[in-house]
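# Residue-level structural notes
Here is how the chains run, residue by residue.
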Amino acid sequence: MPFETLMGDEAIALGAVHAGLSAAFAYPGTPSTEIMESCQDLVARGSASIVAQWCANEKTAYESALGASWAGRRTMVSMKHVGLNVAMDPFVNSALLRIKGGLVVVVADDPGMHSSQDEQDSRCLADFARVPCLEPSDQQEAYDKTREAFELSEELRVPVMIRITTRLAHSRARVATVEPKAQNPVAKAEDRWGWTLMPHAARGLWKQALARYEALQARWEGLSGVEAGDCDTGVITTGLALQYWRENLPELAARPWHLHIDRYPMPKAAIAYLASKVRRLIVIEEGAPFVEGALRGILPTGLLIEGKLGGQVPPTGELTPDNIRPALGLAPRAQQACKDLPLPKRPPQLCQGCPHADSYAFLKEGLADYPVHSVNSDIGCYTLGAMAPFEAIETCVDMGASIGMARGASEAGLKPAVAVIGDSTFYHSGLSNLIDAVSHNSDLTVLILDNSTTGMTGAQPTILPSERLAGIVKACGVDPAHVHILEAHKRSHEANVAILKAELAFKGPSVIIAERGCLEAIKKERKA
Amino acid sequence: MKYDIVLCGVGGQGGISVSVLIAMAAQAEGLEVKQSEVHGMAQRGGEVLAHLRISDSPIASPLIPEGGASLLLAFEPLEALRYLPWLAPGAAIVSAMAPVRNIPDYPDIDLVLRELRSLPGALVLDADSLAREAGNARAANMVLVGAAAHRLPFPFERLEEAIKASFGRKGEAVVAANLKALEAGRRSHA
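Right, let's get into the side chain of D9 of chain A. Residue and element names in this part refer to chain A. Locating D9 in the fold gives a position in helix α1 (residues 8-18). With no salt bridge to any partner, buried D9 finds its closest opposite charge in R172, at an N-O distance of 9.8 Å. Once residues lying within four places of it in the same chain are set aside, the contact partners of D9 are P31, S32, T33, E34, I35, I164, L168, A169 and H170.

In C-alpha cells:
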C-alpha cells in the first residue's frame, strides 16, 4: 500500500481526489487554505484532473459546489470556520436538497484563535442544519473520512461536513493511500422539486432531512465502540482530544472506560451504555462543549459529568496534551523555565518594507487635522496596523465590515469616516457595502490597500487582477473624479497625503486605491 | 524509542522547512514522525514554533507534551528561552546566537546568551558566520541542524540524502552549499 507524508489539509485534498472529485472551490482562510493549494498542486503535478478554483468568497464557492453536484459530479468546498458564516445561506438550505454528485464541505475550525477572530465550533452549525458531520482525529482518518463522506453524500443525497481543527490541518504524518476512483460523468439532477426550494417543496424536503438525520443516528450506533475500563470513570473524546488522551493514558493508575465520537449525529445508545457503566464521565472535546452540553441537558442524571462546562477542561482555547491532565487527575509534568529574565512577547507584525506601512503613514498624517474621526478596518495582514507603532485602525470584525461600519458611523454623525480594506477582502464582501454607500451618497473614504494578493494566508492570487479594481469601483457608481490610484510607497507620501486630505473634505463616497505588490507574494513568485 | 524536537524561531526564518527536512531523514530510516507547525498570522514576524516527534512506534499527539522534548533547536536565542518548558530533564539545546530585534523591548542580548549558556546541555552557535564561511549566508539553519546531528536518532547520511532530495530541484549549487553548511555545523561542536 503506498504511503505519503501529508498535512491534515493535504490528506483531505488527496482523499477527495482519490474519491473521484471533479471540482473543488474555496476562499483562502487559515487553517483551511492548504486544502485548495494542495488540490491545485495535484493538478500542477499532473496527479489530478480536476477543477480547483479560488472564489470571491465562501458563499460563492459553496454555490459553485452546489452547481457541480447538481450536474452530477463530486465536489468539495473548503473554508475556515468563520467562512462558514459567510456561506451559511447556501449551507443550511443545501441540507434540504436532493444532492446528486457527492458534496463535501470541509470546515477547519481554529480553537485558540491562532489566526482568527473567534473560535466557533462548526459541529454546532452542522447539527443546526441537520448536515451529517465526520470528524477525523489524525491524517489517516482525514484521508479516509473524506472518501467516506463522498460515498455517504451520494447515498443519502445530503451534503456532508468534514470538521477539522488547526492542529490537524497543520500537522503532518504518514497516510496510506488507495487506488483513485473514477470521476462521475456529467448527469444532471432530474428531480426539479428536489432542487427548487419553494415553500410547498421545501416543507416536504425538510421533513425528509429530519427523518434522514434520525435514521443516520441509529445506523451509526454500530460503528461506535465503547472500550471497557477497570474503574468507574468514563472518558468521551472527540477529534484531536483522542490523541491527547492516548498520550496521557500510560500514566493513569486505572484504565477508564472510553468512547471516541467521530461522527454526528452522535451515537445515543453507545453513550447511554457507557454512562451505565460509570459514575463519573469526563468529556474532552476540541471546540465548544457540544457533546458535553447534550449530555448535561437540563434535568439531573445522577451521573457526575465533567468537562468544559464543569470547569475541569479549559473552556476556551485549544486543547493540548498538558491542559487536559487536571481533568484526568494527573499532576503537571515537571518542566524547566527561564527564571532570571523576563521574556517579552513577540507578536506578529507587518514585514519589513510592507506597502501597508507606507499606507498607514499617509493615512495617519492625512487624519491629523481631525481629532475626531473613525477608521474602521478589516481582515488581513493590514489588521496588524492596529498595533504599535502604527495604531492606525480602530476596528476589525468580519470580512467586509470596514466599509459597512464606516458608512454606518458616518450616517450616525461620526465624520470623517475611513474604511481600510485589502483588495481580496474588498472582492470578498466589500463590494456590496460600497454599493450601499453609493446608493445613499454616504460620506466616507474607502482606502483599498491593493497588494495584488491574499497576503495573510500565504499569498494566494486575488480573484481579479489589480488593473480591474478601479473599473469595478467606478462601475459601482463611485464618481470617477473621486476614485484615485496611488503608489503605496514612501516616495509618494506627500502626494498621497494631499489626495487623502482632499477626499476627507469631500462630502460623499470616495475610493483611494493604494497599490504596491506584497513582498512575500513577489518572493513566492520568484521561487516558483 | 521516542525523540521529540521543539524547533523555534521568528516567522520567516525557515523553521518549518527544517522540520520537514529532519522528518524526511527520520522516515528514510524507517521511523514514524508527526509534525506540527504554525501557519497564518503567527508567521508574520512573530514567534514560530514547530513540533517534530520521531519514534519507532505509533505517535499519538501532534503536540509534544511539556517536559518531554529531547532537543530544542532554536534559530533565535530569545525564542530558545521561551520554549524551555517543553524540555525533558537533560535535554539538549542547540541555538543560534544572533538576535532578531523586531520588538521594542528586546532584552540585553548578553543577558539572553548568558542565561542560555548557563543551561546544561546548551550549545550556542554563531550560525550566521559558520554559514558564511561555508559559502552560503542563508544556510544558518542547516549549520544548526549539523550541530545537532549527532544527537538525532538516525545516521548523518540520512540528513545529507534529505538535503539532496529536497533541494535537488534548485540545482547542484544549492545542494552543495547546504551540505557544506550541514558539515560546518557538525564540525563546530567537535
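Residue and element names in this part refer to chain A. Of note, the bond from Y264 into P265 is cis; its omega dihedral lies within 30 degrees of zero at 10°. Here P265 lies in the loop between β12 (263-264) and α11 (268-277). P389 follows A388 through a cis peptide bond whose omega is 5°. Mapping P389 onto the fold places it in the loop between β15 (374-376) and α14 (401-411). Phi at R130 takes a positive value of approximately 60°, unusual for a residue other than glycine. In this fold, R130 is placed in the loop between α6 (122-129) and β6 (133-134). With relative accessibility at 27%, the residue R130 sits in the partly exposed group. In this structure, N441 takes a positive phi of about 45° despite not being glycine. Residue placement: N441 occurs in the loop between α15 (423-439) and β17 (444-450).

The next point concerns the sheet that holds strand β9 (residues 226-227) of chain A. Residue and element names in this part refer to chain A. The strand order across the open sheet formed by 5 strands is β9-β11-β10-β13-β14, and the pairing between neighbours is mixed. For this open sheet the edge positions go to β9 and β14 (304-306), each flanked by a neighbour on one side alone. The sheet contacts of α11 involve β9, β10 (233-238), β11 (257-261) and β13 (280-284), and relative to β11 the element is tilted by about 160°.

Quick look at the domain arrangement of chain A now. Reports often express the size of an interface as the amount of accessible area lost when the parts come together. Once the domains are mapped, chain A shows domain 1 (3-220), domain 2 (224-328) and domain 3 (355-526). Computed from C-alpha atoms alone, the centre-to-centre distance between domain 2 of chain A and domain 3 of chain A is 47 Å.

Now for the sheet that holds β17 of chain A. Residues and elements named next belong to chain A. Spatial strand order, β15-β16-β17-β21-β20: 5 strands in an open sheet with parallel pairing. Sheet topology places β15 and β20 (483-487) at the edges, where each strand pairs with a single neighbour. If you compare each strand with its neighbour and ignore which way they point, the axes differ by 20° on average. As paired elements, β15 and strand β16 (residues 417-422) share 3 bridges and run parallel to each other. Following the sheet pairing, V375 is matched in β16 by V418. Each of β15, β16, β17, β20 and β21 (509-515) touches helix α13 (residues 355-367); the most contacted strand, β17, lies at about 160° to it. Contacting β16, β17 and β21, α15 runs over the sheet at an angle of about 150° to β16.

Conventions adopted
- Residues numbered from 1 in each chain as written.
- Chains lettered and ligands numbered in written order.
- Predicted model: local features only at pLDDT ≥ 70, side-chain atom pairs only at ≥ 80, totals over all residues.
- Heavy atoms only, no water.
- Helix = DSSP H or I, 4+ residues; strand = E, 2+ residues; numbered from the N terminus.
- Buried < 20%, exposed > 50% of the residue type's maximum accessible area, 1.4 Å probe, protein only.
- Lys, Arg positive; Asp, Glu negative; His and termini not counted.
- Salt bridge = Lys/Arg side-chain N within 4 Å of Asp/Glu carboxyl O.
- Contact = heavy atoms within 4.5 Å.
- Pairing = 2+ DSSP bridges.
- Axes fitted to C-alpha atoms, helices over the stretch in contact; angles between N-to-C directions.
- Domains from an automatic or database assignment.

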